[in-house]
Amino acid sequence: MSDTGHSIEEIKKHVRVYMFVFASLAVLTVVTVVVGYLELPFAPALIVALLIATVKAGLVAAYFMHLVSEEQIVRWLVWLSLGLLLAMFLILSVYYVDQGGTEIFGF
Amino acid sequence: MQIPFTVAPRPDTGVNNAKLGVWLFLASEVMLFGGLFSAYIFLRIGAPEWPGMVGGHAYERASDILNVPLATLNTMVLIGSSVTMVMSWASLAMQRFDRYRLYMGATIALGFVFLVVKAFEYGEKFSHGYLPAENNFLAIYFVLTGLHGLHVIGGILVNMYFMWPGARMWKTDPKRFTNRIEIAGLYWHFVDLVWIFLFPTIYLL
Amino acid sequence: MADHAAVPEGHHGEDGHHESFWRKYIFSTDHKVIGIQYGITSLLFLLFGFSLVMLMRWQLAYPGQPVPLIGWLFSDDTMPGGVMLPEFYNQLGAMHGTIMVFLGIVPLAVGAFGNYVVPLQIGAPDMAFPKLNMASYWVFFVGGVIMLGSFFVPAGAAKAGWTSYAPLSVIESMGQTMWLISMVFLITSSLLGAVNFLTTIVQLRADGMGFMQMPFFVWAQFITSFLLLLAFPPLEAAAVLQLSDRLLDTSFFMPSGLVVSGEVVDVAGGGSPLLWQHLFWFLAHPEVYVLVLPAMGIVAEIIANNARKPLKGYKVLVYSLVFLGFMSFIVWAHHMFITGMGQVMSTFFQTTTMIISIPSVIILTALFLSLWGGSIRFTTPMLFALGFLPMFGIGGLTGLPLGLAATDIPLHDTYYVIGHFHYVVAPGTILALMGGIYYWFPKMTGRTMNDTLGKIHFWGTLVSMNFIFFPMLIQGLAGVSRRLYDGGQIYAHAQDVLVYNEVMSIAAWVLFVFQIPFIVNLLVSMKKGKAAADNHWNATTLEWSAAPSPPVGHGNFRDLPTVYRDPYEYSHPDHDEDYWPQDVPPAEASEN
Ligand code: HEM
Ligand SMILES: [Cu+2]
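## Regarding the domain arrangement of chain A
Residues and elements named next belong to chain A.
Item 1. Taken domain by domain, chain A holds domain 1 (6–68) and domain 2 (70–107).
Item 2. Taking the mean C-alpha position of each, domain 1 and domain 2 sit 22 Å from one another.
Item 3. With six residues of domain 1 at the interface, the matching set in domain 2 holds six residues.
Item 4. Counting the surface lost from both domain 1 and domain 2, the interface buries some 530 Å², and carbon and sulfur atoms represent 73% of this.
Item 5. Among the residues of domain 1 in contact with domain 2, Phe42, Ala43 and Leu67 are the three that bury the most area, contributing 64% of the side total.
Item 6. There are zero salt bridges connecting domain 1 and domain 2.
Item 7. The tally of links between domain 1 and domain 2 comes to two residue pairs in polar contact (both at pLDDT 80 or more).
Item 8. Within the side of domain 1 that touches domain 2, the residues separate by chemical class into five nonpolar, one polar and no charged.

## Observations concerning the interface of chain B and chain C
Item 1. Taken together, the contacts link 34 residues of chain B with 40 residues of chain C.
Item 2. Both faces considered, chain B and chain C share a buried interface measuring about 2800 Å² in area, 76% of it formed by carbon and sulfur atoms.
Item 3. The three residues of chain B that bury the most area against chain C are B:Met1, B:Leu24 and B:Met31, which together make up 19% of that side's buried surface.
Item 4. Here chain B is connected to chain C by zero salt bridges.
Item 5. At the boundary of chain B and chain C, one finds seven residue pairs in polar contact (both at pLDDT 80 or more).
Item 6. Looking at the side of chain B that touches chain C, the elements that each hand over two or more residues are helix H1 (17–46) and helix H5 (136–163) of chain B.
Item 7. Residues belonging to the side of chain B that touches chain C are distributed by class as follows: 22 nonpolar, nine polar and three charged.

## So, the coordination of the iron atom of ligand 1
Residue and element names in this part refer to chain C.
Item 1. Around the iron atom of ligand 1, the donor atoms from the protein are His96 (NE2) and His422 (NE2), and they sit 1.9 to 2.0 Å away.
Item 2. The coordination sphere of the iron atom of ligand 1 comprises six donor atoms, whose angles at the metal cover 86 to 179°; the geometry is octahedral. Of this pair, His96 sits in helix H3 (residues 86–121) while His422 sits in helix H13 (residues 415–445), and the two are 326 residues apart along the sequence. For the pair His96 and His422, a shared accessibility class is recorded, and that class is buried.

## Some points on helix H6 (residues 175–203) of chain C
Item 1. Its 29 residues give H6(C) an end-to-end C-alpha distance of 42 Å, which sits within 8% of 42 Å, the value for a rise of 1.5 Å per residue.
Item 2. Most of H6(C) sits inside the fold, with 24 of its 29 residues counted as buried.

## A closer look at the packing of aromatic side chains
Residues and elements named next belong to chain C.
Item 1. Throughout the structure, instances matching the rule amount to 65 aromatic pairs over all chains.
Item 2. Among the aromatic side chains, those forming a connected cluster through ring pairs are Phe21, Trp22, Tyr25, Phe27, Tyr38, Phe45, Tyr137, Trp138, Phe140 and Phe141.
Item 3. When the ring centre of Phe211 is taken as reference, the NZ or CZ atom of Arg205 above it lies at 4.1 Å.
Item 4. A cation over a ring is seen here: Arg565 above Trp580, with NZ or CZ 4.0 Å from the ring centre.

## Points about the site of ligand 1
All names here are of chain C.
Item 1. Neighbouring ligand 1 are 25 residues, the closest being Tyr89, His96, Trp162, His422 and Arg483.
Item 2. Within the side chain of His96, an N or O atom sits 2.8 Å from a nitrogen atom of ligand 1.
Item 3. A distance of 2.7 Å separates a nitrogen atom of ligand 1 from a polar side-chain atom of His422.
Item 4. Secondary-structure elements contributing two or more residues to the shell around ligand 1 are helix H2 (31–61), H3, H13 and helix H14 (451–477).

## Brief notes about the domain arrangement of chain C
Residues and elements named next belong to chain C.
Item 1. The assigned domain composition of chain C is domain 1 (21–250), domain 2 (271–287 + 298–530) and domain 3 (535–592).
Item 2. Taking only C-alpha atoms into account, the centre of domain 1 sits 18 Å from that of domain 2.
Item 3. Every contact between the two is made by 55 residues of domain 1 and, on the other side, 55 residues of domain 2.
Item 4. Summed over both partners, the interface of domain 1 with domain 2 comes to about 5000 Å²; 76% of that surface belongs to carbon and sulfur atoms.
Item 5. On the domain 1 side of the contact with domain 2, Arg57, Phe113 and Phe216 bury the most area, a combined 16% of that side's loss.
Item 6. If you look at where domain 1 meets domain 2, you find zero salt bridges.
Item 7. Inspection of the region where domain 1 meets domain 2 yields 15 residue pairs in polar contact (both at pLDDT 80 or more).
Item 8. Breaking the side of domain 1 that touches domain 2 down by element, the ones donating at least two residues are H2, H3 and helix H7 (216–247).
Item 9. The biggest single contributor to the side of domain 1 that touches domain 2 is H7, with 16 residues.
Item 10. Looking at side-chain class alone, the side of domain 1 that touches domain 2 contains 46 nonpolar, eight polar and one charged residues.

## Digging into the interface of chain B and chain A
Item 1. Between chain B and chain A, the residue contacts involve 53 residues of the former and 56 residues of the latter.
Item 2. Interface of chain B and chain A: buried area, both sides summed, is about 4800 Å²; carbon and sulfur atoms make up 81% of it.
Item 3. On inspection of chain B and its partner chain A, the count reaches two salt bridges.
Item 4. Note that B:Lys19 is salt-bridged to A:Glu70, the shortest N-O span being 3.0 Å.
Item 5. Counting the contacts that link chain B with chain A gives two residue pairs in polar contact (both at pLDDT 80 or more).

Thresholds, definitions, all that
- Residues numbered from 1 in each chain as written.
- Chains lettered and ligands numbered in written order.
- Predicted model: local features only at pLDDT ≥ 70, side-chain atom pairs only at ≥ 80, totals over all residues.
- Heavy atoms only, no water.
- Domains from an automatic or database assignment.
- Contact = heavy atoms within 4.5 Å.
- Buried area = accessible area lost by both parts, 1.4 Å probe.
- Salt bridge = Lys/Arg side-chain N within 4 Å of Asp/Glu carboxyl O.
- Polar contact = N/O pair within 3.5 Å; in protein donor to acceptor, adjacent residues only side chain to side chain.
- Nonpolar A, V, L, I, M, F, W, Y, C, P; charged D, E, K, R; others polar.
- Helix = DSSP H or I, 4+ residues; strand = E, 2+ residues; numbered from the N terminus.
- Donors = N, O, S within 2.8 Å, 3.2 Å for Na, K, Ca; no water.
- Tetrahedral: all angles 85-135°; square planar, octahedral: opposite > 155°, others 65-115°.
- Buried < 20%, exposed > 50% of the residue type's maximum accessible area, 1.4 Å probe, protein only.
- Expected span 1.5 Å × (residues − 1).
- Phe/Tyr/Trp six-rings, centres within 6.5 Å; stacked < 30°, edge-to-face > 60°.
- Lys NZ or Arg CZ within 6 Å of the ring centre and 35° of its normal.
- Near = heavy atom within 4 Å.

Here is the structure:
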């Protein structure tokens, strides 16, 4: 979202979106907790928890942080840092499995 | 001397300096918490059991040690504060300074609520003698939530600045002030975002 | 237009005389002053780090003999009777590495040159966030003071090497805590700097300067800043975890059942020393590119200017640089081949390491080719730039065996490694940085440095550095380990190569002697050097063509320049002078 001219109408539309996002976040939080109490085995629990967290984070980033309408350059930056982050997680996990012996999260 | 593009966006990049600067800072923060989460993953894969022995008991689930209801409450509090934060920016964009004050005040208050709840949670752990040195689960819990807490404190300080002394700029340069609130918001939402991952990975898994 | 040189330092800008001394020289927000502050501080740190190693080299050449002349200055818990204790040797080693890397080269290459030159080369009035810039310097300064202060705490400075490997570092004395705190400051400072550089380069380029019209030096700083921005935070995380291990008795890096001096350490255990290594090298590999990329940038500027030709393959250079930046994030575990990693990972890291050598070779080749057919001026900066090329070449080539597990396993932790990376950073980066000082000195002061002294400095440095670092490669191949207190005396396999210890030590002291002409030259030329023209080297880039020497107070340019062409239009057929500055409008080309 560039800083030039937001009409009041536009902002009002935004505000409705914010409220919707707020509601979704609240619902998703409740879902995470409920799933947590189901005591699922580890792997599915992990997948569900991370999926929900990613969706929530995506909502916050997209709407509250305006990434949906943000300039190309900022989006590039976000992808760059997320890419590095994933590479780091992935390599570290594989490093461990590859040493032999240890299973990852029971997979 | 005047630095170009402090307020207006540069035409070819579409952003102003401060916004780019904050996003760059956030990218580095992603890597900071990424490093901490990596440590968590690495230690956890290597641990024979998790959370393991705490205070002489072998625990099966993190939720048996940590207080999930309190953390859920805190999640809601932070999400709520993100909403009030974004509303305070929207109020300025709609030229409603009075409402900005209201929403910003709510954001700050919610930040404090988060900290108080957190302090309560820590106190409960300490009273059982559950210290970071106890085992790696608690070490991770304290260090990650502790660093996140420091970020919350930093955010509250920034917000308080814009609530009181910094708000004078609204009179002299409303456009720049609105930008500043948007940027403070970016940081605050990021802190929320980190918590969104911390909560399930530490408390629920 | 050439006569500002006669005006005393700092009396330029219109607002000049309103500012107090403190605002102007100490807490200045002007990128030029901050650059010079970084420059002075880091040169002092380089000298200090070098002094530490000169002391160590005495012990390595003449183990157990009292240090002559200055030995008596030291306390009884460091050098009783002038004889160095092993603990003190370890302090010196760890602090030499740390200071050279984090307080010497990086602040000189990025803090000083980056700060001074980047805004000028892109035609900006200052950095995007001048106050942040000042904060970055002062945070760095505090970090440096803490690092130096650690020598004076009980049991002295950190002794676990610049890598601070756990668990040794966790059970270390208090100096290690200081090391960690200092690192947190230094990292914070680089983060502030990196945010500032990136924003400045993206946002404040002059009209008409697209990314592909940026001088190569600016590109090098751009990629370097990305590395600082994204690679340093995991080390900050690691530093926090290690602090917590030391102060809160957690076990992030402490394995179960660790035995120290015959006793099991009383911690919960379950941590991983390898985790430290991962987080450390995740930073420290990109860090080595932080050490060389600015050097490559400087060399590119000097070569284009003195060969009077455009850089060969500018675009290829830039793409290589970007690619190198990306790749440098996924090679880190080539420092960890002996940690028992499996085949998959080992193959992965060997492959990425071989791949990352390609862009480095491309850059080096392009710089060599840029000399082809040029009418080369052998100025002092050019000598340093030309010295960089083969030295960096040796450094790079000796690195290849370290990137392959089969050859790294026997070479790991030997003096071969020390020889390899010193070829990259000392005769490599340091030569380039020295060249940069000779090249931009006229811009910074309006005066030139003495050429004869410069040439003595160059040849003395080049030759003595090779006598220091080449024998290290030989010793390493013979199997001598690094970090040995006695230089390998007690090992049978080291006996044949022990003679080199004395050679290297003498060369190190000779190297010091050859720095004296440089120091004298620097100090004297500031006041007494010959006046330099605004565009002293007849260069094409904006810092030379559009700004006076030294640039106007706060704001740099009298009018912000506009860019009309690529950065290195030397000997262009359509232009009668052999240089065609970026900011000269096409029509009336010969003015300025
Ligand atoms: C210019 C003169 C220099 C000399 C004579 C020199 C000499 C040495 C020697 C002998 C060692 C090995 C110590 C040991 O293993 O016990 C060493 C280690 C090291 N040096 Fe240098 N060096 C010089 C410059 C530099 C520079 C410019 C850097 C900058 C990056 C640097 C970075 C390091 C590092 C990181 C280590 C490893 C320290 C450790 O083992 O923890 N040195 N140096
Ligand atoms: Cu490396």
